[in-house]
Amino acid sequence: MRRITVVPGLMHTPPVAYRLVRQLGGNDAAALIAKRDAQVPLGKMGDGWDIAHAVLFLVSNEAKHITGTELIVDGGITATGAV
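Residues numbered from 1 in each chain as written. Predicted model: local features only at pLDDT ≥ 70, side-chain atom pairs only at ≥ 80, totals over all residues. Heavy atoms only, no water.

Description of the overall build of the protein
When its secondary structure is counted, the protein shows four helices and two strands. Listing every helix and strand of the protein by position from the N terminus yields β-α-α-α-β-α. With the principal axes as the frame, the protein shows a C-alpha extent of 45 × 25 × 15 Å. Here the protein holds 83 residues, and the buried ones make up 24% of them. (Helix = DSSP H or I, 4+ residues; strand = E, 2+ residues; numbered from the N terminus. Buried < 20%, exposed > 50% of the residue type's maximum accessible area, 1.4 Å probe, protein only.)

What follows is the structure in structure tokens.
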């Protein structure tokens, strides 16, 4: 049995625009999104497609020998120690 965990970083998803803006962003979605984008070394938060593509790779034959690990999908935050 293969065991792999996908670990997402900051993602721009509907909850960001809805819940977090109201809780953290003072109802200023553009400012909150810009602040979160600036925390990501690649310059922009990921989205659901970034996670989906990582998972699609992991279930493909190309990843058949990968097991017992975590795949971090965070735009470089972990690698650079940002945030």
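A short note on the nonpolar core
The biggest cluster of nonpolar side chains holds nine residues, and these are Leu10, Val16, Leu20, Val21, Leu32, Ile33, Val40, Met45 and Ile77. Mapped onto this core, the elements with two or more residues apiece are helix 1 (14-24) and helix 2 (29-38). Considering each element in turn, this core owes the most residues, three residues, to helix 1. (Core = buried A, V, L, I, M, F, W, Y, C linked by side-chain atoms within 4.5 Å.)

Considering helix 2
All buried positions along helix 2 are accounted for by Leu32, Ile33, Arg36 and Asp37. Taken end-on, helix 2 shows its buried residues confined to a sector of 135°, consistent with a single buried face. Seen from the buried face of helix 2, the exposed residues on the opposite side, beyond 90 degrees, are Ala30, Lys35 and Ala38. Turning to helix 2, the residues buried within the fold contact helix 1. (Arc of directions from axis to C-beta. Contact = heavy atoms within 4.5 Å.)

Looking at the environment of glycine 9
The residue glycine 9 is located in the loop between strand 1 (4-8) and helix 1 in this model. Between the C-alpha atoms of glycine 9 and isoleucine 51, which are 42 residues apart in sequence, the distance is 9.6 Å. Those residues in contact with glycine 9, other than ones at most four positions away along the chain, are Val73 and Asp74.

A look at a nonpolar patch on the surface
Together, Val55, Leu56 and Val59 give the surface a local cluster of nonpolar side chains, amounting to about 280 Å² of exposed area. By secondary structure assignment, the location of valine 59 is in the loop between helix 3 (48-58) and strand 2 (69-73). (Patch = residues over 30% accessible without salt bridge, like charges linked within 9 Å, V, L, I, M, F, W, Y side chains within 5 Å. Areas by Shrake-Rupley, 256 points an atom, 1.4 Å probe, with all protein chains shown as cover. Salt bridge = Lys/Arg side-chain N within 4 Å of Asp/Glu carboxyl O.)

Considerations on the confidence of the model for the protein
Counting all residues, the mean pLDDT for the protein is 90, and 96% of those residues have values of 70 or more. Between the elements of the protein, mean pLDDT differs from a low of 79, seen in helix 1, to a high of 97, seen in helix 3. (pLDDT = per-residue confidence, 0-100.)

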